Amino acid sequence: MSHDRPHLVRTPEEVRTVLDTHRRAGRTIGFVPTMGALHEGHLSLVRAAAAADDVVVVSIFVNPLQFGEGEDLDAYPRTLDADLDLLAPEGVTLVFSPAPSAFTPDTRRTTVHVEGLTGGLEASTRPTHFDGVTTIVTKLFNVVQADHAYFGEKDFQQQAILRRMAVDLDMRTEVVTCPIVREPDGLALSSRNIYLTPEQRRDALVLSGALRELADGWEGNVDSGRSLLLGRLTAAQGIQLDYAEIIDPETLEPLEGVRSGDCQAVVAAWVGTTRLIDTMRLRV
């Protein structure tokens, strides 16, 4: 059975024209912001939106503001045609894919910054990354004016920052976090996985493997848990560890000692020239 592709628009004005009609009819709007190169992880967010909201909007925009110097902006996969085909059977009403020159013009002078949560972890090696994310997501939220926006748990620091931003700025859009989608062998889905050679992909399994070992044996001891993660990942073949940390799921602060409440383990590592992240909830 063939499905029509969703309606593709390029400007904020077109988005508003389409969505104002739905809004006047009392329909709720679910929004999934993406950078394209869609995979099952993205589609799980789209399906969550379709299950909860009447209208589903997806944005496809490789955000230049969140890439630092020397990062893979030019090499980042851009697969708009294939993405539209993937979205065709998912009940998406609208795809917004603006031109970078129009959406991030050289005349831009405004940056959105969330204090506190944007330090450490990802920001330790990518200091401008989250200001780029929050600025563009604010623009997207302003354009779409969705009731709910759906993000994956894998980008754990990002979803915490965006939830805080939406609350602090009284945005109408509620940030909803959805579970990580993994391959059968445990590897977290990522648009960057296509960069991995077969050998590197095998090496990358140590990330999810170490997190699963930690979660399965978790008894609340943060210090021994962190030591386990560091030991597994620093000794692993083909892995260059960026960080491995156990944090408070709300404040993102690194923890220590023994904890009875929920904790979050977060890791980032280079596998060859590809940087991957992963995360897992720790419950006693």
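Refer to the structure presented above.
Attention in this report is confined to the structure presented alongside it. These numbers were taken from a predicted model, which means no experiment stands behind them.

Rules used throughout
- Residues numbered from 1 in each chain as written.
- Predicted model: local features only at pLDDT ≥ 70, side-chain atom pairs only at ≥ 80, totals over all residues.
- Heavy atoms only, no water.
- Helix = DSSP H or I, 4+ residues; strand = E, 2+ residues; numbered from the N terminus.
- Rg over C-alpha atoms; globule rule 2.2 N^0.38 Å.
- Buried < 20%, exposed > 50% of the residue type's maximum accessible area, 1.4 Å probe, protein only.
- Areas by Shrake-Rupley, 256 points an atom, 1.4 Å probe, with all protein chains shown as cover.
- Lys, Arg positive; Asp, Glu negative; His and termini not counted.
- Charge placed at Lys NZ, Arg CZ, Asp CG, Glu CD.
- Pairing = 2+ DSSP bridges.
- Axes fitted to C-alpha atoms, helices over the stretch in contact; angles between N-to-C directions.
- Contact = heavy atoms within 4.5 Å.

## Comments concerning the overall build of the protein
- Counting its regular elements, the protein contains nine helices and nine strands.
- Expected size for 284 residues packed as a compact globule is a radius of gyration near 19 Å; at 19 Å, the protein falls within 12% of this value.
- Counting only residues that meet the buried cut, the protein has 50% of its 284 residues in that class.
- Here the protein has roughly 13400 Å² of accessible surface; of this, 49% comes from carbon and sulfur atoms.
- Put simply, the protein has 27 plus and 41 minus side-chain charges, and the middle of one group is 3 Å from the middle of the other.

## Considering the sheet that holds strand β9 (residues 274-282)
- The strand order across the open sheet formed by three strands is β7-β8-β9, and the pairing between neighbours is antiparallel. Each edge of the open sheet carries a strand with a single partner, namely β7 (239-247) and β9. Neighbour-to-neighbour, the strand axes of this sheet turn through a mean angle of 15°, independent of strand direction.
- Here nine bridges tie strand β8 (residues 263-271) to β9, and the two strands are oriented antiparallel to one another. Bridge assignment links V266 to a residue of β9, and that residue is T279.

## Quick word on the sheet that holds strand β6 (residues 174-178)
- A sheet is described by the order of its strands in space; here six strands give the open sequence β1-β4-β3-β2-β5-β6, paired in parallel fashion. With partners counted over all chains shown, the strands left at the sheet margins are β1 (7-9) and β6, one partner each. Direction aside, neighbouring strands of the sheet carry axes that sit 25° apart on average.
- With five bridges joining them, strand β5 (residues 148-152) and β6 adopt parallel strand pairing. Residue G152 lies in a different strand from β6, and its bridge partner there is C178.
- Across the sheet, helix α3 (residues 80-87) is in contact with β1, β3 (55-60) and β4 (94-96); its angle to β3 comes to roughly 165°.

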